[in-house]
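# Structural overview for review
Here are the chains, one letter per residue:
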Amino acid sequence: MANLKRSPPEPLPEGGPCLEVETPFPVSTVKTKTPILNHAQRDLMRAAGRANAALLDYLRPFITAGITTEKIDKLAHEWTLKHGYRPATLGYQGYSKSCCTSVNDVICHGIPGKYELCNGDIVNVDVTTIVEGWHGDQSETFLIGKVDDEKIAVTQCAFDCLYLAIEAIAPGCLVSVIGETISAEAHRRGFSVVREYVGHGLGKSFHQDPSIPHFPNRQSRVDRLLPGVTFTIEPMINAGTRFTRLDRTDGWTVRTKDGKPSAQFEHTILMTEDGPEILTRTQHGPQPGHLFKNPG
Ligand code: MF3
Ligand code: CO
Ligand code: CO
């Protein structure tokens, strides 16, 4: 996800110079840095999303107790190169792995390493793929063996928040619909929403306008999701406090300040004239309405 505090502004993406868009929505003429994709470009994003989802489905059976997070990374790396793609995270702002693996109180950007997943963990695996220059980006939180009720509840909340937000958006709507929907649901369940890390536009560039905060803010009350915009929704939901702590030794790992668990789900989405289209639908992952529970 894009970092509200640290990310330097990225150069304008090749695919999207400042466009002046005439729209039927109540915004007369909008000047925006958000690229609006034509139909050929949308198909390229569909291909990137499909490839990324296939990667997550490939990894799925391996994400069990006993595997190290660096083994997951190796599998992701090899699968991606074998298909002629590139992982977007590899070399991104100095990041040296092909995915992120965020365990328990790690909110996001966990670096794969020697850690062995064990019974009772939750782990978010976030994968990205560049296909012919276009980006796919998605993540899921996995339950490892039997996990406690709080971890199940926070995982369920992040999953439901993602799909509630997708259901709530429509062509031309304000970006703030996403943050309103997610905050309301998370708070209703007694959980908190991370603010420092947000969803983002993506296309020829990994992170671009618009910013997609999972809480309403000033910019999101101005930005609109016009047909042809591609972006992520990736709520990070904390069981306890929303506040975060960045690991100063590795410069990447983001943890909850109180050590309580955090969960996240992410999709890449295209807004079409008919509504949102999820570009990173998996074949074998949890589908809308899924109930997370312990095995047996
Ligand atoms: N995949 C993350 C996102 O959802 C970004 C990870 S950047 C990394 O936007 F450098 F930490 F890998
Ligand atoms: Co993202
Ligand atoms: Co991601």
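Residues numbered from 1 in each chain as written. Chains lettered and ligands numbered in written order. Predicted model: local features only at pLDDT ≥ 70, side-chain atom pairs only at ≥ 80, totals over all residues.

### Overview of the overall build of the protein chain
Put simply, the rule is: Think of it this way: any DSSP run of H or I at least four residues long counts as a helix, any run of E at least two long counts as a strand, and we number them from the N terminus. Our radius of gyration is a C-alpha quantity, and the globule rule it is checked against amounts to 2.2 Å times the number of residues to the power 0.38. Residues with at least 20 other C-beta atoms within 10 Å of their own are called buried, those with 12 or fewer are called exposed, and the rest are partly exposed. The C-beta atoms themselves are positioned from the backbone. Once C-beta atoms have been placed from the backbone, residue pairs whose C-beta atoms lie within 7 Å are recorded as contacts.
When helices and strands are counted, the protein chain shows four helices and 19 strands. Computed over its C-alpha atoms, the radius of gyration of the protein chain comes to 18 Å, within 12% of the 19 Å expected for a compact globule of 296 residues. The burial tally for the protein chain puts 47% of its 296 residues in the buried class. Looking at the protein chain alone, contacts between residues at least 24 apart form 70% of all its contacts between residues at least 6 apart.

### Section: the packing of helix H3 (residues 149-168) against helix H4 (residues 176-188)
The cut-off we apply is this: Interaxial angles span 0 to 180 degrees and are taken between N-to-C directions of axes, which are lines fitted to C-alpha atoms, for helices over the stretch in contact. Whether a crossing is left-handed or right-handed is set by the direction in which the near helix is turned from the far one by less than a right angle, anticlockwise for left-handed and clockwise for right-handed. Residues are grouped as follows: nonpolar covers Ala, Val, Leu, Ile, Met, Phe, Trp, Tyr, Cys and Pro; charged covers Asp, Glu, Lys and Arg; every other residue, Gly included, is treated as polar.
H4 packs onto H3 with a crossing angle of 145° between their chain directions and a minimal axis gap of 9 Å. In terms of crossing hand, the pair formed by H3 and H4 is right-handed. Counting all contacts with H3, which are made through Cys157, Asp160, Cys161, Leu164, Ala165 and Ala168, the residues of H4 involved are Val177, Ile178, Thr181, Ile182, Glu185 and Ala186. Split by residue class, the contact of H3 with H4 holds nine nonpolar, one polar and two charged.

### With respect to unusual backbone geometry
In this structure, Pro210 follows Asp209 across a cis peptide bond, with omega equal to 0°. Unusually for a residue other than glycine, Gln93 sits at a positive phi of about 50°. Assessed through the 13 C-beta atoms surrounding it within 10 Å, Gln93 is described here as partly exposed. In this model, His109 sits at a positive phi of 60°, which is unusual for a non-glycine residue. Looking at where His109 falls in the secondary structure, it is placed in the loop between strand S5 (106-108) and strand S6 (122-131).

### Here's the deal with the site of ligand 1
Note the cut-off: Nearness is defined per residue: the C-beta atom, placed using the backbone, must lie within 6 Å of the molecule or strand.
Near ligand 1 you find 13 residues, and of these Met1, Thr89, Tyr95, His109 and Asp126 are the closest. Taken together, the residues of the shell around ligand 1 break down into five nonpolar, four polar and four charged.

### As for the pairing of strand S11 (residues 208-212)
Formally: For two strands to be treated as a pair, DSSP must find at least two bridges joining them.
The element S11 is extensively covered by neighbouring structure, given that five of its five residues are classed as buried. The sheet contact formed by strand S10 (residues 197-201) and S11 spans three bridges and is antiparallel. If you follow Gly199 over to S11, its bridge partner there is Ile212. As consecutive antiparallel partners, S10 and S11 are separated by six residues.

### Quick word on the environment of Leu202
Note that Leu202 resides in the loop between S10 and S11. A tally of 26 C-beta atoms within 10 Å means that Leu202 is categorised as buried. Leu202 sits 167 residues away from Pro35 along the chain, and the two C-alpha atoms are 8.9 Å apart. Sequence-distant contacts of Leu202, defined by excluding residues within four places in its chain, comprise His135, Asp137, His207, Gln208, Thr230, Phe231, Thr232 and Thr268.

### Concerning the sheet that holds strand S9 (residues 192-193)
The strand order across the open sheet formed by three strands is S9-S14-S17, and the pairing between neighbours is antiparallel. The sheet is open, and its two edges are formed by S9 and strand S17 (262-264), each paired on a single side. Of the pairings in the sheet, the one linking strand S14 (residues 236-238) to S17 comprises three bridges and is antiparallel in character. Paired with Ile237 across the strands is Ala263, a residue of S17. Sheet contacts for H3: S14 and S17; angle to S17, the most-contacted strand, approximately 30°.

### Details of H4
How we decide: Helix span, expected: 1.5 Å multiplied by one less than the number of residues in the helix.
Its 13 residues give H4 an end-to-end C-alpha distance of 18 Å, which sits within 8% of 18 Å, the value for a rise of 1.5 Å per residue. Those residues of H4 not exposed but buried are Ser176, Ile178, Gly179, Thr181, Ile182 and Ala186. The elements touched by buried residues of H4 are H3, strand S8 (173-174), S9, S11, strand S13 (230-233) and S14. Remark: Gly190 follows H4 within two positions and exhibits a positive phi of approximately 80°.

### Comments concerning the nonpolar core
Applicable threshold: Joined through C-beta atoms within 7 Å, a set of buried Ala, Val, Leu, Ile, Met, Phe, Trp, Tyr and Cys residues constitutes a nonpolar core.
Among the nonpolar cores identified, the biggest contains 65 residues, and Ala158, Cys161 and Ile237 are the most heavily contacted of them. Setting aside residues up to four positions removed in sequence, Ala158 forms contacts with Thr141, Pro235, Ile237, Ala263, Gln264 and Phe265.

### Quick notes on the environment of Ile67
Residue position: Ile67 is located in the loop between helix H1 (39-59) and helix H2 (69-82). According to the C-beta neighbour criterion, Ile67 is partly exposed, with 18 such atoms within 10 Å. Between the C-alpha atoms of Ile67 and Glu116, which are 49 residues apart in sequence, the distance is 5.4 Å. Residues contacting Ile67, with those up to four places away along its chain left out, are Phe62, Ile72 and Leu117.

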